[in-house]
Amino acid sequence: MLYTAFIFGLISSFHCIGMCGPIAMMLPVDRNNPAKKISQILTYHIGRLSAYATIGFVFGLLGKGFFMAGLQQKLSVFIGIAMILVVLIPENEFARYNFSKPIFKLISKIKSTLGSQFKNKSYKSLYTIGFLNGFLPCGMVYVALFGAIALQSESLGILYMILFGLGTVPMMSAVVYINSFLTVPIRNTIQKAIPFVAVCIGLLFILRGLGLGIPYVSPSNMSLFVQAQPNCH
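Residues numbered from 1 in each chain as written. Predicted model: local features only at pLDDT ≥ 70, side-chain atom pairs only at ≥ 80, totals over all residues. Heavy atoms only, no water.

Observations concerning the nonpolar core
Then comes step 1: In terms of nonpolar packing, the biggest core is built from 31 residues, with F8, M83, V141, Y160, M161 and F164 touching the most fellow members.
Then comes step 2: If you tally residues by element for this core, the top one is helix α7 (residues 139–150), at nine residues.
Then comes step 3: Not counting residues up to four positions away in its chain, the partners in contact with F164 are A5, F6, F8, G9, S12, Y52, M140, V141 and A144. (Core = buried A, V, L, I, M, F, W, Y, C linked by side-chain atoms within 4.5 Å. Buried < 20%, exposed > 50% of the residue type's maximum accessible area, 1.4 Å probe, protein only. Helix = DSSP H or I, 4+ residues; strand = E, 2+ residues; numbered from the N terminus. Contact = heavy atoms within 4.5 Å.)

Dropping the structure here:
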């Protein structure tokens, strides 16, 4: 299931352009030194990937708890359904409940610190911008986190989120160079594919949880990452 992370990251990066594109376009990079500019953009992405790895660890650990409790199959089905619902339910419906209220102060602090970093062109600031950017609320990241939970271990949770982040790198890098090309009609056209991809990934997790005996897609044994029977001789 790890490959779904990169694919979803690649497709959802067009959504990221609308949410985080302004941050990428405002990066304090050296516009007159192409080589340095590339290294600065990469530093920003490393910061984002570090943030994704951190939350991947936390949610992977949570998934491990469900796995140890023997709930991995039910969890996989639930996560698949949740993925589908997140992309199909209009965003304004979620806004009515404002799930971010409990951590509003923390998000405000992140945004405030993020804004102050744009005044400095150091690599440390670029890394910090990327790291804080990774913690900003984003529906596509939430969907990816469902996948991290389903993989039942900290290391796989980290890897899933890193692969998701790597999928967003090409477009988030391109926006720094060719933002004039990415017109609103082009973004809207590509964003229409995001729900279809998310639904397909959600269906894969549902099939995985059903244990239908389909190799690689819905194996009957849900211990996909832990050997079911130890080799004792």
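That covers the picture; the talk isn't over yet.
Thoughts on the packing of aromatic side chains
Then comes step 1: All chains considered together, the criterion is met by four aromatic pairs.
Then comes step 2: Their ring planes at 65° and their centres at 5.7 Å tell us that Y52 and F164 sit as a pair that is edge-to-face. Here Y52 is found in helix α2 (residues 34–68), whereas its partner F164 is found in helix α8 (residues 154–178), with 112 residues between them in sequence.
Then comes step 3: Note on Y52: relative accessible area 5%, which makes it buried.
Then comes step 4: Judged by relative accessible area, F164 falls into the buried class, the value being 1%.
Then comes step 5: For the pair Y127 and F131, a centre-to-centre distance of 6.2 Å together with 15° between the ring planes defines the contact as stacked. You can see Y127 and its partner F131 sitting in helix α6 (residues 123–133), four residues apart, about one turn around the helix.
Then comes step 6: Overall, Y127 belongs to the partly exposed group, its relative accessible area being 32%.
Then comes step 7: One aromatic cluster in this structure is built from F8, Y52 and F164. (Phe/Tyr/Trp six-rings, centres within 6.5 Å; stacked < 30°, edge-to-face > 60°.)

Details of the packing of helix α3 (residues 72–88) against α7
Then comes step 1: Running from amino to carboxyl end, α3 crosses α7 at an angle of 170°, the nearest separation of the two axes being 9 Å. With respect to each other, α3 and α7 are oriented roughly antiparallel. Counted together, L75, I79, A82, M83, V86 and V87 of α3 and G139, M140, V143, F146, G147, I149 and A150 of α7 form the full contact between these two elements.
Then comes step 2: Split by residue class, the contact of α3 with α7 holds eleven nonpolar, two polar and no charged. (Axes fitted to C-alpha atoms, helices over the stretch in contact; angles between N-to-C directions. Parallel < 35°, antiparallel > 145°, perpendicular 65-115°, else oblique. Nonpolar A, V, L, I, M, F, W, Y, C, P; charged D, E, K, R; others polar.)

Examining the pattern of salt bridges
Then comes step 1: The final tally for this structure, using the stated rule, is one salt bridge.
Then comes step 2: Ionic pairing is found between E154 and K64, a salt bridge with its closest N-O pair at 3.7 Å. Placement of the pair is E154 in helix α8 and K64 in helix α2, with a sequence separation of 90 residues.
Then comes step 3: The partly exposed category is assigned to K64, whose relative accessible area is 33%. (Salt bridge = Lys/Arg side-chain N within 4 Å of Asp/Glu carboxyl O.)

A word on the environment of I149
Then comes step 1: Considering the arrangement of structural elements, one finds I149 in helix α7.
Then comes step 2: Relative accessible area serves as the criterion here: at 9%, I149 is assigned to the buried category.
Then comes step 3: Spatially, the C-alpha atom of I149 lies 9.5 Å from that of G65, the residues being 84 residues apart in sequence.

Here we look at the confidence of the model for the protein
Then comes step 1: On average, residues of the protein score 76 in pLDDT, and 70% of them reach the 70 mark or higher.
Then comes step 2: Considering each helix and strand of the protein separately, the mean pLDDT is smallest for helix α4 (residues 91–97), with a value of 56, and largest for α6, with 91.
Then comes step 3: Under a pLDDT of 50 for its full length, residues 222–233 has, in the predicted model, 17 contacts with residues more than four places off or in other chains. (pLDDT = per-residue confidence, 0-100.)

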